[in-house]
Amino acid sequence: MSNDNTQAVAAKAMDVVNAGLAKRYRAERRFRAYGMISVGLGMLFLSILLIDIVGKGHTAFMQTQLTFDVFFDPEVIDPQGTGDVEEMRRANYAALLRTSLEEVFPEASGRRERRALNQLVSNGAPYQLQRMVLADPSIVGQTRSVEVPASDDADMLMKGYIERDVPEAERRLSDQQLAWMDTLIERGQVAKRFNTAFFTNGDSRDPELAGIWGAAKGSFYMLLVTLGLSFPIGVAAAVYLEEFAPQNRLTDLIEININNLAAVPSIVFGLLGLAVFLNFFGLPRSAPLVGGLVLTLMTLPTIIISSRASLKAVPPSIRDAALGVGASKMQAVFHHVLPLAMPGILTGTIIGMAQALGESAPLLMIGMIAFIVDVPQGFFDPSTVLPVQIYLWADSPERAFLERTSAGIMVLLGFLILMNLFAIMLRRKFERRW
């Protein structure tokens, strides 16, 4: 009888265990399903975002060009016939373009019609003719076939962003301008070319002339300053705190403050840079040097924390073995521990640099939001950076700036992806598993 009771109790216990196991298995499957749904939703939203950005920005990499036969009139360019460079530089090249347009469309006789006709050509076209003459003065007196950029409205028409079937008052091109563009298309004088100006020009009020080169160079100079300061300071601080600093209240306070600084909003660092670097030290506003100093303060906590984690990951046996063969504490750290931790340190540094590249809020506080046409040539020249340039374009009303905003985001994302891929490659190449 006792055996029967024991078996009954055991069977009942097994039923309870099996019921619990089934419940746990169901909970595990639900959790796995929730995770897969979350990942799927994240990938879906990311795909929608990327498709929207690419869909709006890919057209910015092409630019509409208009071809005209331009007579480089000596009476306009060099009326004295002296060949003086300054006189040729100051010549009225816009008049040469107007003459070429009027020869193509002689019916545009009124002042208003001529103005509407000239609006099909970019404001930067006369400067292109100027550069041609200054590069080769022998073309003065000759007729050359010249490709010049179309205006932003003509470019948007060719890219399909201006609808023809809406009333004339609701679009930026008149019926007459549409007819002129159709005539140029029929004559083969309109073509789409790769938009090299987007990668070689600085900012401009005219969308068809605006480029990212000035912002890219500003970001490059700023990241050089940030890397040159944050990497050695951050690694030295991490080595000291992890390997040499005594455990007391002061080091505990320093560690708490470093962890807190990593969570401080970035705009606070911009306010600090405005108060210290600009107002107190009097450094030049909008300069990459100041931007690099501000971003150094922002990225230091990230580099210090990642460097300390990399140093902790080195097994204690490495230190003990170095000390056991007679190495000093300094030699053990710098000859053995630090080289083994360097892949993780470099990975954290690159991630910190990628974070700095994408920051805009602290840079707005130190004046890097200014409209700057010239491409910076050094660390002290006024400049802007890619995130701020994107912000400025997004605030512009022209439709052509919208596509350049999306194209700028694509370029910025490309740089960020490359930096993160480089960090992953470093980790996989040099990481050692213990």
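J.: What exactly am I supposed to notice about empty space enclosed by the protein here?
T.: The rolling of a water-molecule-sized probe over the atoms marks out the regions of remaining empty space. Summed over the entire model, instances satisfying the criterion amount to one cavity of 30 Å³ or more. As a volume, the largest cavity reaches approximately 30 Å³. Gly-202, Asp-203, Gly-214, Ala-215, Ile-372, Asp-374, Pro-376, Ser-383, Thr-384 and Gln-389 together form the lining of the largest cavity. In terms of residue class, the lining of the largest cavity is made up of three nonpolar, five polar and two charged.

J.: Please explain a nonpolar patch on the surface as it appears in this structure.
T.: Among the surface-exposed residues, Val-39, Met-43, Leu-46, Leu-49, Leu-50, Leu-413, Phe-415, Ile-417, Leu-418, Leu-421 and Ile-424 lie close enough to one another that they form a single nonpolar patch of about 1000 Å² accessible area. Going through the elements one at a time, helix H1 (2–57) and helix H18 (399–430) are the ones with two or more residues in the nonpolar patch. Locating Leu-49 in the fold gives a position in helix H1. Relative accessible area serves as the criterion here: at 46%, Leu-49 is assigned to the partly exposed category.

J.: Would you mind showing me how to read the packing of aromatic side chains here?
T.: All chains considered together, the criterion is met by 10 aromatic pairs. Each ring, one from Phe-61 and one from Phe-199, has its centre 5.8 Å from the other, and the planes form 15°; the classification is stacked. Taken as a pair, Phe-61 in the loop between H1 and strand S1 (62–71) and Phe-199 in helix H9 (residues 197–200) lie far apart in primary sequence, 138 residues in all. We classify Phe-199 as partly exposed; its relative accessible area is 32%.

J.: Looking at this structure, I do not really get the nonpolar core. What am I missing?
T.: If you look at the biggest cluster of nonpolar residues, it comprises 41 residues, and the most contacted ones within it are Phe-198, Val-290, Leu-363 and Ile-366. Contributions of two or more residues to this core are made by helix H10 (213–244), helix H12 (266–280), helix H13 (288–313), helix H15 (329–357), helix H17 (386–394) and H18. By residue number, the principal contributor to this core is H18, which donates eight residues. Excluding residues that lie within four positions of it along the chain, Leu-363 makes contacts with Met-222, Gly-291, Leu-295, Met-368, Val-385 and Val-388. Ranked by size, the runner-up nonpolar core spans 36 residues in total, among them Leu-117, Leu-157, Ile-162 and Met-181.

J.: What is the right way to look at the environment of Gly-270 in this model?
T.: Looking at where Gly-270 falls in the secondary structure, it is placed in helix H12. Separated by 93 residues in sequence, Gly-270 and Leu-363 place their C-alpha atoms 6.2 Å apart. In this structure Gly-270 touches Val-294, Pro-362, Met-365 and Ile-366, once residues within four positions along its chain are discounted.

J.: Just to check I follow, could you spell out the side chain of Thr-67 for this structure?
T.: Mapped onto the elements, Thr-67 comes out in strand S1. When residues no more than four places from it in sequence are discounted, the contact partners of Thr-67 are Ser-145, Val-146, Glu-147 and Gln-189.

J.: Explain the packing of helix H14 (residues 316–324) against H15 here, please?
T.: Two numbers describe a pair of packed helices, the interaxial angle and the distance between the axes. The contact between H14 and H15 brings their axes to 9 Å, and the two run at 140°. Looking at the two axes, H14 sits oblique to H15. As for how H14 packs across H15, the hand of that crossing is right-handed. Contacts between H14 and H15 pair Ile-318, Arg-319, Ala-322 and Leu-323 from the former with Lys-329, Ala-332, His-336, Val-337 and Leu-340 from the latter. Split by residue class, the contact of H14 with H15 holds six nonpolar, one polar and two charged.

J.: What exactly am I supposed to notice about the pairing of S1 here?
T.: Side-chain positions along a regular strand alternate between the two faces of the sheet. Most of S1 sits inside the fold, with seven of its 10 residues counted as buried. The pairing of S1 with strand S3 (residues 190–194) spans five bridges and is antiparallel. Across the sheet, residue Thr-64 finds its bridge partner in S3, namely Lys-192. Looking at chain direction, S1 and strand S2 (residues 143–149) are connected through seven bridges and run antiparallel. Bridge pairing in S2 links Val-70 to Arg-144.

J.: Explain the pattern of salt bridges here, please?
T.: Where side chains of opposite charge bring their charged atoms close, a pairing between them can arise. Per the counting criterion, the structure on display carries 15 salt bridges. Glu-147 is the partner of Arg-193 in a salt bridge, and the nearest nitrogen-oxygen pair spans 2.8 Å. With a gap of 46 residues between them, Arg-193 in strand S3 and Glu-147 in strand S2 connect regions that are remote in the sequence. Owing to a relative accessible area of 39%, Arg-193 belongs among the partly exposed residues under this scheme. For Arg-308, the salt bridge identified is with Glu-242, shortest N-O distance 3.0 Å. Residue Arg-308 is located in helix H13, and its partner Glu-242 is located in helix H10; the two are separated by 66 residues in the primary sequence. Assessed through its relative accessible area of 13%, Arg-308 is described here as buried. Taking relative accessible area as the criterion, Glu-242 reaches 22% and is therefore assigned partly exposed. Connected through shared salt-bridge partners, Asp-155, Lys-159, Glu-403 and Arg-404 make up one network.

What counts as what
- Residues numbered from 1 in each chain as written.
- Predicted model: local features only at pLDDT ≥ 70, side-chain atom pairs only at ≥ 80, totals over all residues.
- Heavy atoms only, no water.
- 1 Å grid on protein atoms, 1.4 Å probe; cavity = no way out; pocket = protein on both sides within 12 Å on 5 of 7 lines; lining within 4 Å.
- Points joined across faces, edges and corners; volume = space filled by probe spheres on them.
- Nonpolar A, V, L, I, M, F, W, Y, C, P; charged D, E, K, R; others polar.
- Patch = residues over 30% accessible without salt bridge, like charges linked within 9 Å, V, L, I, M, F, W, Y side chains within 5 Å.
- Areas by Shrake-Rupley, 256 points an atom, 1.4 Å probe, with all protein chains shown as cover.
- Salt bridge = Lys/Arg side-chain N within 4 Å of Asp/Glu carboxyl O.
- Helix = DSSP H or I, 4+ residues; strand = E, 2+ residues; numbered from the N terminus.
- Buried < 20%, exposed > 50% of the residue type's maximum accessible area, 1.4 Å probe, protein only.
- Phe/Tyr/Trp six-rings, centres within 6.5 Å; stacked < 30°, edge-to-face > 60°.
- Core = buried A, V, L, I, M, F, W, Y, C linked by side-chain atoms within 4.5 Å.
- Contact = heavy atoms within 4.5 Å.
- Axes fitted to C-alpha atoms, helices over the stretch in contact; angles between N-to-C directions.
- Parallel < 35°, antiparallel > 145°, perpendicular 65-115°, else oblique.
- Left-handed = near helix turned anticlockwise from the far one by under 90°.
- Pairing = 2+ DSSP bridges.

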